[in-house]
Amino acid sequence: MSVQMIGLDIAKSVFQVHGVDNAGQPVLRKRLARGQLAGFFAKLPPCLVGMEACSSAHHWARELTRLGHEVRLIPPQYVKPYVKRNKTDAADAEAICEAVGRPNMRFVPIKSVSQQAVLALHRTRALLVRQRTATINALRGLLGEFGLVAGKGTARLEDLRRRLFQADKDTVPEEARQAITSLFEHVDELRERAEAVEAEILTWHEANTASQRLAEIPGIGPLTASALVAAVGNGKQFQSARHFAAWLGLTPRIRASGDRQRIGAISKGGDRYLRTLLIHGARALVGLTKRPGVVLRPWLKALVGRRPIPVAATAVAHKTARIVWAMLSREAAYRPWTPAMAA
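Computed from a predicted structure; not experimentally measured.

This paragraph deals with the overall build of the chain. The number of helices and strands found in the chain is 13 helices and seven strands. Over its C-alpha atoms the chain spans a radius of gyration of 26 Å, topping by over 25% the 20 Å that the globule rule assigns to 343 residues. Seen through its principal axes, the chain has C-alpha atoms that stretch 80 × 65 × 45 Å. Going through the 343 residues of the chain one by one, you find that 38% of them count as buried. Within the chain, contacts between residues at least 6 apart in sequence are counted, and of these 54% link residues at least 24 apart. Distance between charge centres in the chain, computed from 51 positive and 28 negative side chains, equals 11 Å.

See below:
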């Protein structure tokens, strides 16, 4: 049996293997348990292994690479067109094996353990922030039922805490007071945990040269810089800056047929977390146009003058993404703009 390419459909406990020879004929179909996978591939000669870039894919890619195999990760949406009829593990493995051999297929770089460690910090912080926001919204809803309201934003949360403390038993019964107080304590705990995780991210950022270089770009701070370095690496897997921006979902969605071409809104594909960070930073830059005495690039001032704020912020995020790719792929430093450049 001469296996040249293998499609591996991974899961939590059960794995499906589909292998073909040089002629593309199926020579291997096998179902493996989790404990059998490493031993099975250790006995095989080195070959090309394709997997979908889903949960635990980077872990198994590193493990199979140590065994001498060449591993390629494929975005799941690029595998789906190769699935024939019914959706089964065997059909998925066959589709992966078919897709991995296509010359024009796009692949996902395998992340290292350190990259995934930093991304775990970011995901944890994002989860804690979402939980804090949900708890604050619950607090506002519950206190609103007793006539206690405050302005928007987390900064006004202390106003609600103070008003709850000053309210008498006729306004807020004791049973409700205890329940709402526990939510206030939960918000404090979530904030402390999020700050602790953020401190670990900042520590990693200060020790990483590439992340520090990206933080010099306007609209990018330590959080965005560290997330980009951990998720993208050196960025050389993208052919150009536009490919990188398209991967982030910051390029327009195009629908064309014949001589008709319609350019719509951004595709919003790729990593939503990275795109959100970039757009938040871009909104901060666009907000500077409203401040007096701030010297801005002429193109930014003109952009805000002719486009709505959200559209301008998205355009700035797209431009920032291109700068990020150029700096990562060329290992270059950021060259800040000065008014003399416009002269």
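Attention now moves to the packing of aromatic side chains. Taken as a whole and judged by the stated rule, the model has five aromatic pairs. Taking the centre distance of 5.4 Å and the plane angle of 75 degrees together, the rings of F15 and W60 count as edge-to-face. Taken together, the residues span a long stretch of sequence, with F15 in strand β2 (residues 14–20) and W60 in helix α2 (residues 57–66) at a distance of 45 residues. On the basis of relative accessibility, which here comes to 7%, the residue W60 falls in the buried class. Each residue in the set F238, F244 and W247 is aromatic and connected to the rest through ring pairs, giving one cluster. When the ring centre of W299 is taken as reference, the NZ or CZ atom of K319 above it lies at 4.9 Å.

What follows concerns the pairing of strand β3 (residues 26–33). Sheet topology note: the β2/β3 ladder contains seven bridges and is antiparallel. The residue bridging Q16 from the neighbouring strand is R31, located in β3. Linking β2 to β3, which pair antiparallel, is a turn of five residues; within it G24 sits at a positive phi near 85 degrees.

Here the focus is the nonpolar core. Ranked by internal contacts, the top residues of the largest apolar core, which has 42 residues, are L214, L228, F244, L278 and V324. Among the elements of the structure, α5 (113–144), α8 (209–214), α9 (222–232), α10 (241–247), α11 (272–287), α12 (298–306) and α13 (309–330) are those that each provide at least two residues to this core. Residue contributions to this core peak at 10 residues, all from α13. When neighbours within four sequence positions are excluded, V324 is seen to be in contact with L214, I217, I220, L228 and F244. Among the nonpolar cores identified, the runner-up in size contains 21 residues, and L32, C47, M51 and L64 belong to it.

Now for the environment of R193. Examined against the element boundaries, R193 turns out to sit in helix α7 (residues 174–207). Its relative accessible area of 47% is what places R193 among the partly exposed residues. The spacing of R193 and R132 is 61 residues in sequence and 10 Å in space, taken between C-alpha atoms.

What follows concerns helix α6 (residues 157–166). Restricting attention to buried positions, one finds in α6 the residues L157, L160 and L164. Viewed along the axis of α6, the buried residues span an arc of 60 degrees, placing them on a single side of the element. Among the exposed residues of α6, those oriented more than 90 degrees off its buried face are F165 and Q166. The inward-facing, buried residues of α6 abut α5 and α7.

Let us now look at the side chain of H58. Structurally, H58 is set in helix α2. Given the relative accessible area of 10%, H58 is considered buried. Separated by 3.0 Å, the side chain of H58 and the backbone nitrogen of K111 make a polar contact. Not counting chain neighbours up to four residues away, the residues in contact with H58 comprise L73, V108, P109, I110, K111 and Q116.

This paragraph deals with the layout of surface pockets. Here the largest pocket is characterised by a volume of approximately 1,200 Å³. Along the walls of the largest pocket sit 35 residues, with P75, F107, V108, F238 and W247 positioned nearest its centre. Ranked by residues supplied to the lining of the largest pocket, first place goes to α5 with five residues. Residues of the lining of the largest pocket, tallied by class, amount to 16 nonpolar, 13 polar and six charged. Quantified by volume, the second largest pocket comes out at close to 320 Å³.

Phi angles above zero are rare outside glycine, and K268 is one such case at about 55 degrees. If you trace the backbone, K268 turns up in the loop between β7 (260–266) and α11.

Little of strand β6 (residues 252–257) sits out of view: just zero of its six residues are buried. Taken together, the five bridges between β6 and β7 define a ladder with antiparallel strand orientation. Counted as the bridge partner of R255 is R262 from β7. Between β6 and β7, which pair antiparallel in sequence order, lie two residues; one of them, G258, sits at a positive phi of approximately 65 degrees.

Scoring rules and cut-offs
Numbering of residues starts from 1 in each chain and follows the order in which that chain's sequence is written. Where totals are concerned, whole chains, interfaces and linings use all residues; where local detail is concerned, this predicted model gives features only for residues with pLDDT of at least 70, and gives and counts side-chain atom pairs only at 80 or more. By convention in this description, side-chain values take in all heavy atoms of the structure and omit both hydrogens and water. Comment: elements are numbered from the N terminus, with helices defined as DSSP H or I runs of at least four residues and strands as E runs of at least two. Here the radius of gyration uses the C-alpha set of atoms, whereas the globule reference equals 2.2 Å times the residue count to the power 0.38. Exposure is judged per residue with a 1.4 Å probe applied to protein chains only, and the accessible area is read against the type maximum: over 50% gives exposed, under 20% gives buried, and values in between give partly exposed. What makes two residues a contact is simply this: any of their non-hydrogen atoms within 4.5 Å. Charged residues are defined narrowly, with Lys and Arg counted positive, Asp and Glu counted negative, and His plus the chain ends left uncounted. All charge positions are set by atom: Lys at NZ, Arg at CZ, Asp at CG, Glu at CD. Ring geometry is summarised as follows: Phe, Tyr and Trp rings, the Trp one being its six-membered ring, pair when their centres sit within 6.5 Å, and such pairs are stacked at plane angles under 30 degrees, edge-to-face over 60 and tilted between the two. Geometrically, a charge over a ring is one whose NZ (Lys) or CZ (Arg) sits within 6 Å of the ring centre while staying within 35 degrees of the ring normal. Here the rule is simple: two strands pair whenever DSSP picks up at least two bridges between them. Nonpolar cores are built from buried Ala, Val, Leu, Ile, Met, Phe, Trp, Tyr and Cys residues. Side-chain atoms within 4.5 Å join them into one set. What the arc covers is the set of directions going from the helix axis to the C-beta atoms. Contacts described as polar in this section are N or O atom pairs within 3.5 Å, which, within protein, must combine one atom able to donate a hydrogen with one able to accept it, while residues neighboring in sequence count only if both atoms come from side chains. Here the term cavity refers to a set of points on a 1 Å grid, laid over the protein atoms alone, in which a 1.4 Å probe fits but cannot get out; the term pocket refers to an open set having protein on both sides within 12 Å along at least five of seven lines, with lining residues being those that place an atom within 4 Å of a point. Grid points are joined across faces, edges and corners, and a volume is the space filled by probe spheres set on the points. Amino acids are sorted into nonpolar (Ala, Val, Leu, Ile, Met, Phe, Trp, Tyr, Cys and Pro), charged (Asp, Glu, Lys and Arg) and polar (every other residue, Gly among them).

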